[in-house]
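Results of the structural survey
If you want the building blocks of each chain, they are given just below.
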Amino acid sequence: QATPYQRKRTRRRHINARETMEYLDMRIFRFPEVVRLTGLSRATIYRLEQSGSFPARIKLSQNAVGWNSDDVEAWMIARMNRSTSEVGIDEEKP
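Residues numbered from 1 in each chain as written. Predicted model: local features only at pLDDT ≥ 70, side-chain atom pairs only at ≥ 80, totals over all residues. Heavy atoms only, no water.

Topic: the sheet that holds strand β2 (residues 58–61)
By definition, the strands of a sheet pair up through backbone hydrogen bonds, in either a parallel or an antiparallel sense. Threshold: The pairing criterion is simple: DSSP has to find at least two bridges between the two strands. Segments assigned H or I by DSSP are reported as helices when at least four residues long, segments assigned E as strands when at least two residues long, and all are numbered from the N terminus.
The sheet built from three strands is open, its strands ordered β1-β3-β2 with antiparallel pairing. Two strands close off the open sheet at either side, each with one partner strand: β1 (28–29) and β2.

Brief notes about the packing of aromatic side chains
Our working definition: Side-chain rings of Phe, Tyr and Trp, where Trp is taken by its six-membered ring, are said to pair if the distance between their centres is within 6.5 Å; with planes under 30 degrees apart they count as stacked, over 60 as edge-to-face, and otherwise as tilted. Residue burial is assigned from relative accessible area. The probe radius is 1.4 Å, only protein chains are included, and a residue is buried under 20% of its type maximum, exposed over 50%, and partly exposed in between.
Counted according to the given criterion, the structure contains four aromatic pairs. Between the aromatic rings of phenylalanine 31 and tryptophan 67, the centroid separation amounts to 5.4 Å while the plane-to-plane angle is 55 degrees, which identifies the pairing as tilted. Within this pair, whereas phenylalanine 31 is found in helix α2 (residues 31–38), its partner tryptophan 67 is found in strand β3 (residues 64–68), the two being separated by 36 residues in sequence. The same class applies to phenylalanine 31 and to tryptophan 67, which are both buried.

So, the environment of aspartate 71
Within the element layout of this structure, aspartate 71 appears in helix α4 (residues 69–87). Taking the C-alpha atoms as reference points, aspartate 71 and isoleucine 28, 43 residues apart in sequence, are found 9.8 Å from one another.

Some remarks on helix α3 (residues 42–51)
As a reminder, the rule being used: To be clear, the arc concerns the directions from the helix axis to the C-beta atoms.
Of the residues making up α3, those classed as buried are Thr44, Ile45, Leu48 and Glu49. For α3, the angular spread of buried residues about the axis comes to 130 degrees, placing them on one side. Among the exposed residues of α3, those oriented more than 90 degrees off its buried face are Arg47, Gln50 and Ser51. Once α3 finishes, glycine 52 follows within two positions and takes phi at roughly 85 degrees, a positive value.

Details of the side chain of serine 69
Threshold: Contacts: residue pairs with any heavy atoms within 4.5 Å of one another.
The topology assignment puts serine 69 in helix α4. When neighbours within four sequence positions are excluded, serine 69 is seen to be in contact with Met26, Arg27 and Phe29.

Examining the packing of α2 against α3
Spelled out, the test is: Note on method: axes are straight lines fitted to C-alpha atoms, helices fitted across the in-contact stretch only, with angles between N-to-C directions ranging 0 to 180 degrees. Angles below 35 degrees are treated as roughly parallel, those above 145 as roughly antiparallel, those between 65 and 115 as roughly perpendicular, and all remaining angles as oblique. Any residue that is not Ala, Val, Leu, Ile, Met, Phe, Trp, Tyr, Cys, Pro, Asp, Glu, Lys or Arg is counted as polar, Gly included; the first ten are nonpolar and the last four charged.
For the pair α2 and α3, the least separation of the axes is 10 Å and the interaxial angle reads 95 degrees. With respect to their mutual orientation, α2 and α3 come out roughly perpendicular. From α2, Phe31, Val34, Val35 and Thr38 reach across to α3, where they touch Arg42, Ile45 and Tyr46. Among the residues forming the contact of α2 with α3, the class breakdown is five nonpolar, one polar and one charged.

Looking at the environment of threonine 38
Quick note on the threshold: We define a polar contact as two N or O atoms separated by no more than 3.5 Å, with the added condition that, inside protein, one atom must be a possible hydrogen donor and the other a possible acceptor, whereas residues neighbouring each other in sequence contribute only through side-chain atom pairs.
Tracing the backbone shows threonine 38 in helix α2. The exposure class of threonine 38 is buried, given its relative accessible area of 18%. Sequence spacing of threonine 38 and tryptophan 75 is 37 residues, and the spatial spacing of their C-alpha atoms is 9.5 Å. Ignoring anything within four residues of it in the chain, the contact list for threonine 38 reads Ile45, Phe54, Val72, Trp75 and Met76. A distance of 2.7 Å separates a polar atom in the side chain of threonine 38 from the backbone oxygen of valine 34. Engagement of the side chain of threonine 38 in a polar contact is seen with the backbone nitrogen of leucine 40, the distance being 3.2 Å.

This is the structure we're talking about:
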């Protein structure tokens, strides 16, 4: 019978935050990326966030914030769907 010292040691692999987020298929968008993706200004993003019309930011550190990529993408899709329905575009027409 094997003693504890004779057993094969298995190392647990440490998973860092980046690997965890990739596994979950989630990213944190920093401010310049949110501006680039949405086309909105800094002031507009903050105003929409304050009114509850834009996803809330995540505090990453004392001086850094970001936004959940899934939340921002869902907001963008909702805005696009709303704008096409307001214009009266029928997506099923050829």
